[in-house]
Each structure stands twice: as structure tokens, then as C-alpha cells.
Amino acid sequence: MLSKLGRGVVDDAGEGTVGPYLAVANQGRLVWRAPGPRSEDLIQAVREPGRISGSLDLRSHGFLRSLPAAPPGSGLPTVGQERAKQPALIGDGKVWTYGTLAGIVDDAAAELRKHGVRPGDRVMS
Amino acid sequence: MSENSLPLAALVLAISALDAWSVVVNPRLSEREIDQIRDHCGARLLYYTVEVSDLAAAHARRHEAREVEIGPLGTLALSPLNEATLAEVVEEDGARQVAALLYTSGTTGNPKGVMLSHRNILFNASISRTLRKPTPEDIIYGVLPMSHIVGFSIILAGTLIGGSAVHIVPKYEPAALVNAVRDRGISLMFGVPTTYQRLLEYKATAGLNACPADACAAFTSPVRRWI
């Protein structure tokens, strides 16, 4: 399978290219195959400013250190506990705080399950 | 299917919580494109945000969907259950599980689906956060569609993992943007070149004296600097 992310491409061997956007494999390994515009922040983080081709382990350079281990949905309660009263989503004349959103997502997931959604199903929304 | 809205954001997260794949589709696509995507991905169910999108409501009628109430999400339409479709295997490692299957529009051929894992989405979100450094006090103007990778991963997921807020907007109108920045504390926005071009056109016709042209140079603009 080829996955395209921005102008980067990740192949099924878990490698990718870097263009104006970044591409990264599931294993957290990024491979540069061509030079391209890169953020100064990223270059500094990698600490290889002169390098235009090569590979690196993202975890060892801290790129993924701040990522939550869980998927976005299940990560919400953690954020919600810290920022329960902070607004998360605003629109349609409503404000859903992180605390509210966590509960809404749980309730909606329960409804979806009742409608017949199973793990691994594709659901259009 | 839905244009940007609170119910759509909640649906995306609820689908994710069930380890199902989110296929966000913009109802502005043609009937042919939408039906191609539905058939190609083998959707088990389709949700239509009929209260917030007339276009979604039209597709719901066409697909003979029925209305359901889902608490704070309001009234949605729900397609008949596709009993024939098979569920994909769920990855043991949640990071490798597919979070979203996003499609190209299909204007130059059949729509093409891109499988994006949770790690893919979170990596994009985290990089955006690293580069733009939003704070919990920031309110991001979320007008780019969540059916696109930027709206999905950077604006929705990136904002939520960073603790900021998204002001969700279904359709871009420069006047509404200016009002939102002035009245609702919008501090960061994402746009495509047309977004800024139309903003400058509005500035000219509305006689605004703010909003300098250098906003056009940036894909993401910290709006505090120019309003």
C-alpha cells in the first residue's frame, strides 16, 4: 500500500520522503530521500542541519515523544481531566468544553454501536 | 456526510473510539463521487448531518436514510445498515489501526482512498503543534474541511491534543472571518491561497484598513498580527 501524506509518500516498507510536508511510517521511522524545504525547528531538533539525505529514528530524536500513546478518541479523557472547563469545540452557537466533549463522544460511540457499527467497519460521516 | 460542524467532529472521535474507520465525505461532492466512495470503501453505515447541511440532507433523502436522535449531536440521518460488508481486522497496536480513510475528490478520475493510521494522524497533529506552538488560550478558525487531511489531522486532532479550541465553520465567508476575529477571539487560522485572496478582496470592497497583504504569504497566519 502507498499512503500519501501531503507531498510525502510512505511505502509499505515503512519509509517515506520529505517534501514541503513530512511523511512518517507507523514504526516512527522517517527516511529522507530528497532534499526539500524543511522547518528550521525540525532541522534543529534532528541536529543534523547539513544533512539532506539519510534516515533517522524519530523516537530517539524526540519527534514522537509528545505523542499520546492512545488514539485521539481515547486520549480525550486525559485532556478533559486537565482542561475540563476549557472550550474545545465552538460552533453553531454552542461551546463544548473538553469535559463535555469527552462525555458526548462516549455517548455517541454507544449510539453508533447500537446502530450496528463494529470495530474495523468503515463509517461515512 | 457533513460539512464542518460540531456533530461531525464528535462523530469522527466516536468512530475512532470504536476502532472503526472514519470516512469523512464532503456533501458538496457530486452524487456520482459520493456513491463511488460509499461503494469503494464498503461503508457499513452513513451518517448525514441533516440539521446543519442542506446538501447532506439531500443525499440522505436520495439514499433513503432515516432520522435518528443522538443526544447533543441532534438529529442525524442514518443509512440502511450494509449487512454484506466485512469488518477489517483490528490492529493489536492502536497506533497502527486505521483512523481515517480519506478520499480524493475524483475530479480527474475515480476517487482514491488513503488509509491513515492513528500514528499518521497524530504525527501530523504533533508536528503542526510543534511548529505553530498554539496555547490553550488560542482559538483556531476551522474552516478547512475535515474531509481533507489538513482539516482532519492538523485542525481537529492537532487542536485537541494541544488543548486549544477550534471554532468550527462549515463554509468560508471573509466577512464572517473578520467578525469572528473581532468578536470571538480567533487567534490562528489555516487557509489555502484562495482564502487569503478572497479576504483581501473583501478588505478592498469593505473599506477595511487592517489585514495587511503579508497574511497571504503564509499558509498559516497568526491572525493577531494583522487584525
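Residues numbered from 1 in each chain as written. Chains lettered and ligands numbered in written order. Predicted model: local features only at pLDDT ≥ 70, side-chain atom pairs only at ≥ 80, totals over all residues.

Enquirer: Before we go on, may I ask you to explain the interface of chain B and chain A in this structure?
Expert: Accessible area lost when the parts come together is the quantity often used to give the size of an interface. Each side of the interface is counted separately: chain B has 74 residues, and chain A has 50 residues. Each residue belonging to the side of chain B that touches chain A can be placed in one class, and the counts come to 52 nonpolar, 16 polar and six charged. Sheet analysis places strand E7 (residues 122-124) of chain A next to strand E1 (residues 21-23) of chain B, joined by three bridges and oriented parallel. Bridge assignment links A:Val123 to a residue of E1(B), and that residue is B:Ser22. (Contact = placed C-beta atoms within 7 Å. Nonpolar A, V, L, I, M, F, W, Y, C, P; charged D, E, K, R; others polar. Pairing = 2+ DSSP bridges. Helix = DSSP H or I, 4+ residues; strand = E, 2+ residues; numbered from the N terminus.)

Enquirer: In this structure, what is going on with unusual backbone geometry? I would like to understand it.
Expert: When glycine is set aside, most residues are seen to have a negative phi, and most peptide bonds are trans. Residues and elements named next belong to chain B. Phi at aspartate 19 takes a positive value of approximately 60°, unusual for a residue other than glycine. With respect to the helices, strands and loops of the structure, aspartate 19 is situated in the loop between helix H1 (6-17) and E1. Residue classification places aspartate 19 among the buried positions, given that 23 C-beta atoms sit within 10 Å. For glutamate 64, which is not glycine, the phi dihedral falls at a positive 55°. With respect to the element layout, glutamate 64 can be found in the loop between helix H3 (54-62) and strand E3 (66-69). (Buried ≥ 20, exposed ≤ 12 C-beta atoms within 10 Å, placed from the backbone.)

Enquirer: Which parts of the structure should I look at to understand the nonpolar core?
Expert: One broad rule of soluble globular proteins: the nonpolar side chains tend to lie buried together. Formed by 91 residues in total, the largest nonpolar core has its most connected members in A:Leu89, A:Val105, A:Ala108, B:Ala10, B:Ala14, B:Val23 and B:Tyr48. The biggest single contributor to this core is H1(B), with ten residues. (Core = buried A, V, L, I, M, F, W, Y, C linked by C-beta atoms within 7 Å.)

Enquirer: Can you help me understand the confidence of the model for chain A in this one?
Expert: Regions with low pLDDT should not have their predicted coordinates read in detail. Of all residues in chain A, 34% have pLDDT values of 70 or greater, and the mean over the chain is 56. Low pLDDT (under 50) marks residues 1-80 of chain A, which in the prediction has 133 contacts with non-local residues, meaning those over four places away or in another chain. (pLDDT = per-residue confidence, 0-100.)

Enquirer: Hey, could you run me through the packing of helix H6 (residues 174-184) of chain B against helix H7 (residues 193-206) of chain B in this one?
Expert: The geometry of a pair of packed helices is captured by two quantities: the angle between their axes and the separation between those axes. All names here are of chain B. Running from amino to carboxyl end, H6 crosses H7 at an angle of 85°, the nearest separation of the two axes being 9 Å. With respect to H7, the element H6 is oriented roughly perpendicular. Listed contacts from H7 to Pro174, Ala175 and Leu177 of H6 are Arg198, Leu199 and Tyr202. Looking at the contact of H6 with H7, its residues break down into five nonpolar, no polar and one charged. (Axes fitted to C-alpha atoms, helices over the stretch in contact; angles between N-to-C directions. Parallel < 35°, antiparallel > 145°, perpendicular 65-115°, else oblique.)

Enquirer: Looking at this model, I keep getting lost on the packing of helix H4 (residues 118-132) of chain B against helix H5 (residues 149-162) of chain B. Mind explaining?
Expert: All names here are of chain B. At a closest axis distance of 8 Å, the pairing of H4 and H5 adopts a crossing angle of 70°. Judged by the angle between their axes, H4 and H5 are roughly perpendicular. Here Ile121, Leu122, Asn124, Ala125, Ser126, Ser128 and Arg129 of H4 come into contact with H5, specifically with Phe152, Ser153, Ile154, Ala157, Gly158, Ile161 and Gly162. The residue makeup of the contact of H4 with H5, split by class, is seven nonpolar, six polar and one charged.

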